[in-house]
Amino acid sequence: MALFSDSLLFPAIVLAIIAFVVPRLFGRMLPEGVKPLLLNAFLSTISLFLISAAFFFGLYLWQGLSVAQVMEPGWAANVVFFGRLGLIAAMIWAPIMVLSVAGLPRKWVKERW
């Protein structure tokens, strides 16, 4: 268990899986076409950024800190800190998300790429 909780392996695996799944979920809700595909990429980027920030907040709680301890610096400081972690995590989730979005047109039935 220490391999997962003390290393980057667990967060990297979780973020990679989420980065693959989120665009696929948006792909089911949005119509086929180039503009909806671009909208999917935008919505996926925003969603993955927020999910990553929340995920790292959860990891801090999982490591034993209380919500009060995490929130001690204040809301603004936490938004900046966890927002920065979400952006740094883009090194992991962004390439996978791009590949997931790029693979969506293969499943189109009505539109052509």
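Below, the structure is looked at part by part. (Residues numbered from 1 in each chain as written. Predicted model: local features only at pLDDT ≥ 70, side-chain atom pairs only at ≥ 80, totals over all residues. Heavy atoms only, no water.)

1. Points about the packing of helix α3 (residues 34–62) against helix α5 (residues 75–88)
Part 1 of the reasoning: Here α3 crosses α5 at 115°, and the two axes come no closer than 8 Å. You can see that α3 and α5 cross each other, and the crossing is right-handed. Contacts from F49, S52, A53, F56, F57 and Y60 in α3 reach F81, F82, G83, L85, G86 and L87 in α5.
Part 2 of the reasoning: Among the residues forming the contact of α3 with α5, the class breakdown is nine nonpolar, three polar and no charged. (Axes fitted to C-alpha atoms, helices over the stretch in contact; angles between N-to-C directions. Helix = DSSP H or I, 4+ residues; strand = E, 2+ residues; numbered from the N terminus. Left-handed = near helix turned anticlockwise from the far one by under 90°. Contact = heavy atoms within 4.5 Å. Nonpolar A, V, L, I, M, F, W, Y, C, P; charged D, E, K, R; others polar.)

2. Here we look at a nonpolar patch on the surface
Part 1 of the reasoning: A cluster of nonpolar side chains, namely L9, I13, I17, F20, V21 and L25, defines an oily patch on the protein surface of about 510 Å² accessible area.
Part 2 of the reasoning: Of note, L9 is situated in helix α2 (residues 9–29).
Part 3 of the reasoning: Owing to a relative accessible area of 38%, L9 belongs among the partly exposed residues under this scheme. (Patch = residues over 30% accessible without salt bridge, like charges linked within 9 Å, V, L, I, M, F, W, Y side chains within 5 Å. Areas by Shrake-Rupley, 256 points an atom, 1.4 Å probe, with all protein chains shown as cover. Salt bridge = Lys/Arg side-chain N within 4 Å of Asp/Glu carboxyl O. Buried < 20%, exposed > 50% of the residue type's maximum accessible area, 1.4 Å probe, protein only.)

3. Some thoughts on the packing of aromatic side chains
Part 1 of the reasoning: Applying the stated rule across the entire model yields seven aromatic pairs.
Part 2 of the reasoning: Relative to F82, the ring of F57 lies with its centre 5.4 Å away and its plane at 75°, an arrangement referred to as edge-to-face. With F57 in helix α3 and F82 in helix α5, this pair connects stretches of sequence that are 25 residues apart.
Part 3 of the reasoning: Note on F57: relative accessible area 23%, which makes it partly exposed. (Phe/Tyr/Trp six-rings, centres within 6.5 Å; stacked < 30°, edge-to-face > 60°.)

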